[in-house]
Amino acid sequence: MSLLLSAENVSVHAGSECLVQPASLALHAGRPLTILGETGSGKSLLAQAIIGTLPSGLTAAGRVQVAGQVFDPGRPSTFRRLWGRQIGILPQEPWLSLDPLMPAAAQVSEGHALVRGLPWDQARAAAAGDLAQLGLAQAGHRRPDQLSGGMAQRAAFAAARAGGARIVIADEPTKGLDAGRRNDISALLLAETAAGGGLLTITHDLALARALSGDLVVVLNGRIVERGPAAQVLADPQHDYTRALIAADPAAWPHPRPRQVAGATVLSASGLSVARGGRVLISGMDIDLRPGHIIGISGPSGCGKSTLGDALLGLVPLAGGTVTRAPGCAAVRFQKLYQDPPSAFPGSVTLGRSLADLVARHRLDKGRIGALLDRLRLSPQLLQRRPSEVSGGELQRMALLRVLLLDPVFLFADEPTSRLDLITQAQVTRLMVDVARDTGMGLLIVSHDTDLLTKVCDRVIRLDDPAQTRAA
Amino acid sequence: MTMSDTTLMPVARHGFGRLRWIGLVLLTLVVGFALLAPVLTFTDPLQQDLMKALAGPDAAAPFGYDHLGRSLMARLAAALRLSLSIAAASVLTAGIVGVGLGVLSAWRGGWIDRTLCLLADSVLALPGLLMVLIVTAIVADRPLAFWIGLTLVLWIEYFRLTRATVARQLAAPGVQASRLLGFGPGYVFRRHLWPDLAPVLLTVAAFGAGTAIMTIAALGFVSVGMRPPAPELGLMMVELLPYYREAPLALFQPVIAIFLTILALNLLAQGGRR
């Protein structure tokens, strides 16, 4: 097992502030190395320092050794000749990094011809070989928009390696993907290491870290808190943070006890059809939601699950069927939580001002804000800040608070935790579910995370499965 | 290629830049002169004294006299008051009309949007000077005609800008959330749309005022604007032009006044540029 890349005491500073504490890593051929951490933990900065792509304004120190040569992270320009030749980078959301107008095979052969220096005919042959190896033999002439997301990812992967890079750096390769696609990616990356290449993955995705196996490094606040073989770290975590992280994974949550839901229906739909852009996505759906009832809707992106929730709230026109609300409930008691909490608040005023506006609009009891802040474990000081100055998890709880002031009978949560880190996600979901149970609010959660839904919902509707779609 | 999910991007600087401050100070000086000059010397801008034709400065007329022996300072101040007030009035009305129609267009969409866009495009196809001229042919009172004509020219920019800016905001979840929470269109405008709109409107207003002042002067210069003996910058230039050998400084005064005013407005229009 040969050493491909080693980093010794690499640290990152912004001026006098230390963002990444000195860290050492070793990447071996055939053994994946995964850096696991949350947003803002410094995991990306550490990787950037190691390959010399730090944004300007940040300085790095330490020593990096690649293929027997020593590099100084303090001088990023010296790394340039490694890029493409020794180190290939699989960027986040690779379908955005491909040239939208160029066929896939041409993009891969450019790497062979311009970086490796092969003559064009050989480069084209090599590209065709690469694509065939990845199961894209028939797709070489297609443009990225004619490829599926998974195929585009494989094409980008082939392009990243075309320069002859033995080391692949994958930056959040599963960001925004559902479970099926995640497995494709880990299989693709593992095939690379099995062939003797090096793989350094940066991720917040526990399932990916588990699937890649190899070595695992856990980063918190710019410091490596735990390291070791992935299987061992994940099975028997030593550091408190790693333990919390693993416990926060929906797969590890306890199963819910089956409950009987009672009470009059708050919202029902029969024969509901939903269309977007003239295309019918869902048809013949029946939903019956009672107080405290939690229904989950899962499905791949683009299947119409968010549009379904909007249709139930009357935000988009129905393509067919009827939606009936409980009689005697004010319209404002049917509410929605958004995927991106900062965009759901007026950005120019403080959160306190937004809540005061709401209290004034509906002549509510101002005193309830304090009680709800306690209930949702939010600090009253957050009310002085604007939405952009508050973390995503806090802001989503603040959005929940804002909605709860109106005593909702129905809440549609549209991917409420998909932008949040694991631990925050667990916290927000728990609070949301508890509040729904306590206050008798009907809750509809839309998510691509099936694990999460099965652990918190009374009933899960899978939209990719036509048999279930019609179930009552 | 980005490798980062960190938030270390440099934050754009808000508020007034240095150039904007210079523009504001210059404009204050020009407006201050226009308003205070009549207080300092009580000269009627129309009062003639042919004995003093093209004479140099004295206590009663610190900037000298024109070819009919009228105080240049008094005339300059009166001309600036006229131009600035017409510019301010038309920018204000054009802003109200343009922003109002822009919000309506983006919000309601459909045939309202199509009709308004067609109207805006049609008006834009007509040269602005011609539009103002047409109105002066219909409305007898010149300042009133300028006001109406310039409003008709200037509202389009507000309309287009507002429509584009507001459409983006209206599609964002924030507006939908506020509507679901029971807030009306007034609240949505005040909290969601206006904060985004206000900084760009200042720029459009400053450019619009510059256009208005230039238009009034241009029409005066070709003798289809204000009528003599009214003091007006373009008219003053064309009246003093035959005497540029005898009194070059007299001709320079309206030129410098218009130059400083437009410069001040253009500097003020500089957005968050560094």
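Predicted model, so just to flag it, every value in this text is computed and none were measured. (Residues numbered from 1 in each chain as written. Chains lettered and ligands numbered in written order. Predicted model: local features only at pLDDT ≥ 70, side-chain atom pairs only at ≥ 80, totals over all residues. Heavy atoms only, no water.)

Residues and elements named next belong to chain B. Within the structure shown, the criterion is met by 23 salt bridges over all chains. Taking the shortest distance from any N to any O, the salt bridge between Arg70 and Glu239 comes out at 3.7 Å. Note that Arg70 is positioned in the loop between helix 1 (18–40) and helix 2 (72–108) and Glu239 in helix 8 (residues 233–240), a separation of 169 residues in sequence. Accessibility expressed as a relative area gives 2% for Arg70, which makes it buried. Glu239 serves as the salt-bridge partner of Arg75, at 3.7 Å between the closest nitrogen and oxygen. (Salt bridge = Lys/Arg side-chain N within 4 Å of Asp/Glu carboxyl O. Helix = DSSP H or I, 4+ residues; strand = E, 2+ residues; numbered from the N terminus. Buried < 20%, exposed > 50% of the residue type's maximum accessible area, 1.4 Å probe, protein only.)

A few words now on the packing of aromatic side chains. Residues and elements named next belong to chain A. Inspection of every chain in the model, using the stated rule, returns 6 aromatic pairs over all chains. With 6.2 Å between their ring centres and 45 degrees between their planes, Phe334 and Phe410 make a pair best called tilted. Taken as a pair, Phe334 in strand 15 (residues 334–337) and Phe410 in strand 16 (residues 410–414) lie far apart in primary sequence, 76 residues in all. A relative accessible area of 0% places Phe334 in the buried class. A relative accessible area of 0% places Phe410 in the buried class. The residue whose ring lies beneath Arg325 is Phe334, and the NZ or CZ to ring-centre distance is 4.2 Å. Between Arg402 and the ring centre of Phe345, over which it is positioned, the NZ or CZ distance is 4.2 Å. (Phe/Tyr/Trp six-rings, centres within 6.5 Å; stacked < 30°, edge-to-face > 60°. Lys NZ or Arg CZ within 6 Å of the ring centre and 35° of its normal.)

What follows covers the interface of chain B and chain A. Each partner contributes residues to the interface: chain B has 19 residues there, and chain A has 37 residues. With both chains or domains summed, chain B and chain A bury close to 2400 Å², and 61% of this area falls on carbon and sulfur atoms. One can count 1 salt bridge joining chain B with chain A. Two residues, Arg191(B) and Asp357(A), come together in a salt bridge whose shortest N-O distance is 2.6 Å. Within the residue set of the side of chain B that touches chain A, elements represented by two or more residues are helix 6 (173–180) and helix 7 (185–221) of chain B. For the side of chain B that touches chain A, a count of residues per class yields 10 nonpolar, 7 polar and 2 charged. (Contact = heavy atoms within 4.5 Å. Buried area = accessible area lost by both parts, 1.4 Å probe. Nonpolar A, V, L, I, M, F, W, Y, C, P; charged D, E, K, R; others polar.)

Residues and elements named next belong to chain B. Within helix 8, 7 of the 8 residues are buried, which leaves it mostly tucked inside the rest of the structure. Restricting attention to buried positions, one finds in helix 8 the residues Leu233, Gly234, Leu235, Met236, Met237, Glu239 and Leu240. Of the surrounding elements, those touching the buried residues of helix 8 are helix 2, helix 7 and helix 9 (248–269). Regarding helix 8, its N-cap is Glu232, as a side-chain oxygen of that residue lies 3.0 Å from the backbone nitrogen of Gly234 further along. (Polar contact = N/O pair within 3.5 Å; in protein donor to acceptor, adjacent residues only side chain to side chain.)

Here we take up the pairing of strand 3 (residues 33–36) of chain A. Residues and elements named next belong to chain A. Across the two faces of strand 3 the burial is the same, with Leu33 and Ile35 and Thr34 and Leu36 all buried. Two strands pair when backbone bridges link them, and strand 3 and strand 8 (residues 198–203) are joined in this way by 4 bridges, in the parallel orientation. Of the residues in strand 8, the one forming a bridge with Thr34 is Thr201. Pairing between strand 3 and strand 9 (residues 215–220): 4 bridges, direction parallel. If you follow Leu36 over to strand 9, its bridge partner there is Val218. (Pairing = 2+ DSSP bridges.)

Most often, soluble globular proteins have nonpolar side chains that are buried together. Core analysis: the biggest nonpolar cluster contains 64 residues, and Leu80(B), Phe146(B), Leu150(B), Tyr158(B), Ile213(B), Leu233(B) and Ile258(B) have the highest contact counts within it. Elements represented by at least two residues in this core include exactly helix 1, helix 2, helix 3 (110–124), helix 4 (128–138), helix 5 (142–171), helix 7, helix 8 and helix 9 of chain B. Excluding residues within four positions of it along the chain, Phe146(B) makes contact with Ile86(B), Val132(B), Thr136(B), Ile216(B), Leu219(B), Gly225(B) and Met226(B). Judged by nonpolar contacts, the second largest core, of 58 residues, contains Leu36(A), Leu216(A), Val433(A) and Met441(A). (Core = buried A, V, L, I, M, F, W, Y, C linked by side-chain atoms within 4.5 Å.)

This part takes up the domain arrangement of chain A. All names here are of chain A. Here chain A is partitioned into domain 1 (3–252) and domain 2 (267–469). The gap between the C-alpha centroids of domain 1 and domain 2 is 35 Å. The interface formed by domain 1 and domain 2 holds 0 salt bridges in total. Seen at the junction of domain 1 and domain 2, the total is 2 residue pairs in polar contact (both at pLDDT 80 or more). Per-element tally for the side of domain 1 that touches domain 2: the top contributor is helix 8 (residues 240–247), with 3 residues. The residue inventory of the side of domain 1 that touches domain 2, partitioned by class, reads 9 nonpolar, 2 polar and 3 charged. (Domains from an automatic or database assignment.)

So, on to the packing of helix 4 of chain B against helix 5 of chain B. Residue and element names in this part refer to chain B. At a minimum axis distance of 8 Å, the contact between helix 4 and helix 5 shows a crossing angle of 140 degrees. Put simply, helix 4 runs oblique to helix 5. As for how helix 4 packs across helix 5, the hand of that crossing is right-handed. Contacts between helix 4 and helix 5 involve Gly128, Met131, Val132, Val135 and Thr136 from the former and Arg142, Ala145, Phe146, Ile148, Gly149, Leu150, Leu152 and Val153 from the latter. Grouping the constituent residues of the contact of helix 4 with helix 5 by class yields 9 nonpolar, 3 polar and 1 charged. (Axes fitted to C-alpha atoms, helices over the stretch in contact; angles between N-to-C directions. Parallel < 35°, antiparallel > 145°, perpendicular 65-115°, else oblique. Left-handed = near helix turned anticlockwise from the far one by under 90°.)

A few words on the confidence of the model for chain B. Residue and element names in this part refer to chain B. Averaged over all residues, the pLDDT of chain B is 87; the fraction at 70 or higher stands at 93%. Across chain B, helix 2 holds the top mean pLDDT of 94, while helix 1 sits lowest at 90. Within the model, pLDDT remains below 50 along residues 1–14, and this stretch shows 27 contacts once partners closer than five positions in the same chain are excluded. Here the predicted complex scores 0.75 on pTM and 0.75 on ipTM. (pLDDT = per-residue confidence, 0-100.)

Here we come to empty space enclosed by the protein. In total, this model carries 3 cavities of 30 Å³ or more according to the counting rule given. Space inside the largest cavity adds up to approximately 60 Å³. For the largest cavity, the full set of lining residues is Gln335(A), Lys336(A), Leu337(A), Tyr338(A), Pro341(A), Ala344(A), Gln396(A), Ala399(A), Arg402(A), Val403(A), Ala177(B) and Leu181(B). Where the lining of the largest cavity is concerned, the elements lending two or more residues are strand 15 and helix 12 (392–404) of chain A. Looking at the lining of the largest cavity element by element, the count peaks at 4 residues for helix 12 of chain A. A class-by-class count of the residues in the lining of the largest cavity yields 8 nonpolar, 2 polar and 2 charged. (1 Å grid on protein atoms, 1.4 Å probe; cavity = no way out; pocket = protein on both sides within 12 Å on 5 of 7 lines; lining within 4 Å. Points joined across faces, edges and corners; volume = space filled by probe spheres on them.)

Mapping Thr261(B) onto the fold places it in helix 9. The residues touching Thr261(B), leaving out its near neighbours within four places in the chain, are Val30(B), Leu80(B), Leu84(B) and Ile213(B).

For the rest of this paragraph, the subject is the environment of Pro254(B). All names here are of chain B. Mapped onto the elements of the fold, Pro254 is located in helix 9. Take Pro254: its relative accessible area is 0%, and that puts it in the buried class. Between the C-alpha atoms of Pro254 and Thr165, which are 89 residues apart in sequence, the distance is 38 Å. Once residues within four sequence positions are removed from consideration, Pro254 is found in contact with Leu76, Leu233, Met236 and Met237.

Another point: the environment of Phe157(A). Residue and element names in this part refer to chain A. Note that Phe157 resides in helix 4 (residues 149–161). In this structure Phe157 comes out as buried when scored by relative accessible area, which is 2%. In sequence terms Phe157 and Ile224 are 67 residues apart; their C-alpha atoms lie 28 Å from each other. The residues touching Phe157, leaving out its near neighbours within four places in the chain, are Leu90, Leu134, Val168, Leu188, Leu189 and Glu192.

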